[in-house]
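Observations on the three-dimensional arrangement
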Amino acid sequence: LQQQPTTSIWSSLKDRRYLYKLIGTGFSWALYDFIYYGTAFNQPEILASVLGNDDDDDLIVSSWRNVIVGAMGIPGVICAIKMMEPMGGPKPLQSWGFVLIGIASMMVAFFYESEDNEDDDNSSGAFRKWGGFVSCCLLIFSLNWGCNVSTYVLPIEMFPKDVRSSFHGVSAGMGKLGALLG
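Here is a short report on the structure shown in this document. (Residues numbered from 1 in each chain as written. Predicted model: local features only at pLDDT ≥ 70, side-chain atom pairs only at ≥ 80, totals over all residues. Heavy atoms only, no water.)

For the protein, the helix and strand inventory stands at seven helices and zero strands. Counting from the amino terminus, the protein carries its helices and strands in the arrangement α-α-α-α-α-α-α. Across the 182 residues that make up the protein, the buried fraction comes to 37%. Looking at the protein alone, contacts between residues at least 24 apart form 82% of all its contacts between residues at least 6 apart. Summing over all exposed atoms, the protein offers an accessible surface of approximately 11,000 Å²; the carbon and sulfur share of this is 64%. (Helix = DSSP H or I, 4+ residues; strand = E, 2+ residues; numbered from the N terminus. Buried < 20%, exposed > 50% of the residue type's maximum accessible area, 1.4 Å probe, protein only. Contact = heavy atoms within 4.5 Å. Areas by Shrake-Rupley, 256 points an atom, 1.4 Å probe, with all protein chains shown as cover.)

Here we come to the packing of helix H2 (residues 16–51) against helix H5 (residues 90–113). Running from N to C, H2 and H5 point in directions that differ by 25°, and their axes come no closer than 12 Å. Relative to H5, H2 is oriented roughly parallel. At the point where H2 passes H5, the crossing takes the left-handed sense. Contacts from Ser28, Leu31, Tyr32, Ile35, Ile46, Ser49 and Val50 in H2 reach Gln94, Phe98, Ile101, Val108, Phe111 and Tyr112 in H5. In terms of residue class, the contact of H2 with H5 is built from 10 nonpolar, three polar and no charged. (Axes fitted to C-alpha atoms, helices over the stretch in contact; angles between N-to-C directions. Parallel < 35°, antiparallel > 145°, perpendicular 65-115°, else oblique. Left-handed = near helix turned anticlockwise from the far one by under 90°. Nonpolar A, V, L, I, M, F, W, Y, C, P; charged D, E, K, R; others polar.)

With that settled, consider empty space enclosed by the protein. Scanning the model with the defined rule gives one cavity of 30 Å³ or more in all. Volume-wise, the largest cavity comes out at about 50 Å³. Lining the largest cavity are Thr39, Gln43, Ile46, Val69, Cys136, Leu139 and Ile140. Counting residues per element, the ones that place at least two in the lining of the largest cavity are H2 and helix H6 (122–158). Of the residues assigned to the lining of the largest cavity, the class counts are five nonpolar, two polar and no charged. (1 Å grid on protein atoms, 1.4 Å probe; cavity = no way out; pocket = protein on both sides within 12 Å on 5 of 7 lines; lining within 4 Å. Points joined across faces, edges and corners; volume = space filled by probe spheres on them.)

Turning our eyes to something else, we now look at the state of the cysteines. According to the stated counting rule, one finds zero disulfides in the structure shown. Cysteine cysteine 137 shares no disulfide, and the gap to the nearest cysteine sulfur, in cysteine 136, comes to 7.1 Å. (Disulfide = S-S within 2.5 Å.)

With that settled, the discussion passes to the packing of aromatic side chains. Tallying each qualifying case throughout the model produces eight aromatic pairs. Where tyrosine 37 meets phenylalanine 41, the ring centres are 6.0 Å apart and the plane angle is 35°; that geometry is what we call tilted. One end of the pair is tyrosine 37 and the other is phenylalanine 41, both in helix H2 and four residues apart, which spans about a single turn. Owing to a relative accessible area of 27%, tyrosine 37 belongs among the partly exposed residues under this scheme. Ring plane angle 90° and centroid distance 6.1 Å describe the contact between tryptophan 130 and phenylalanine 133, whose orientation is recorded as edge-to-face. Note that tryptophan 130 and phenylalanine 133 are positioned in helix H6 at a spacing of three residues, about one turn of the helix. Taking relative accessible area as the criterion, tryptophan 130 reaches 59% and is therefore assigned exposed. On the basis of relative accessibility, which here comes to 18%, the residue phenylalanine 133 falls in the buried class. Grouped by ring-pair contacts, the aromatic residues Tyr32, Tyr36, Tyr37 and Phe41 constitute a single cluster. Across the ring face of tyrosine 18, the terminal group of arginine 17 is positioned such that the distance to the ring centre comes to 5.1 Å. (Phe/Tyr/Trp six-rings, centres within 6.5 Å; stacked < 30°, edge-to-face > 60°. Lys NZ or Arg CZ within 6 Å of the ring centre and 35° of its normal.)

Moving on, we come to the environment of valine 99. Note on placement: valine 99 falls in helix H5. As a C-alpha pair, valine 99 and glycine 146 span 47 residues in sequence and 9.4 Å in three-dimensional space.

Following the criterion strictly, the structure yields one salt bridge and no others. Residue aspartate 33 is joined to lysine 176 by a salt bridge in which the shortest nitrogen-to-oxygen separation is 2.9 Å. Of this pair, aspartate 33 sits in helix H2 while lysine 176 is found in helix H7 (residues 164–181), placing the two residues 143 residues apart along the sequence. (Salt bridge = Lys/Arg side-chain N within 4 Å of Asp/Glu carboxyl O.)

Right under this line is the structure:
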């Protein structure tokens, strides 16, 4: 058997193609983790703000809200797995994932902002609560749909086998820096 030459991490880093790909995968992972963990840690406060925090709300009601909204991540991951190949791979999935996260975040901000401008009309209060709830569900779905799956798959497809796991680890490490900041 003939052994194929191996590529070292340092020689791969000197190759600008791999360096730019590492920066791209690491930055996108950092941006995703910044958004994801910032949302996840603040989800109870976001839900209380958007849905209202009535005096009769207790820990059980708050917990069920978080379970229902958090469960939206499951169909998000399933849709990402099923849509990755038809969309053309992880790059387009990740791009559209960031777009959907942006739209969902704007929707949450709209309903969060409308809390301050709330009228005494019952129909507008119900619209704000249901709109806020749907936008929170869409945000969790979008966080788990495109970027969640593609951040794991993209580094696998980008790098040669000899340095794939190392560069995947560096990309993940950059993601955790984003999570720390988020």
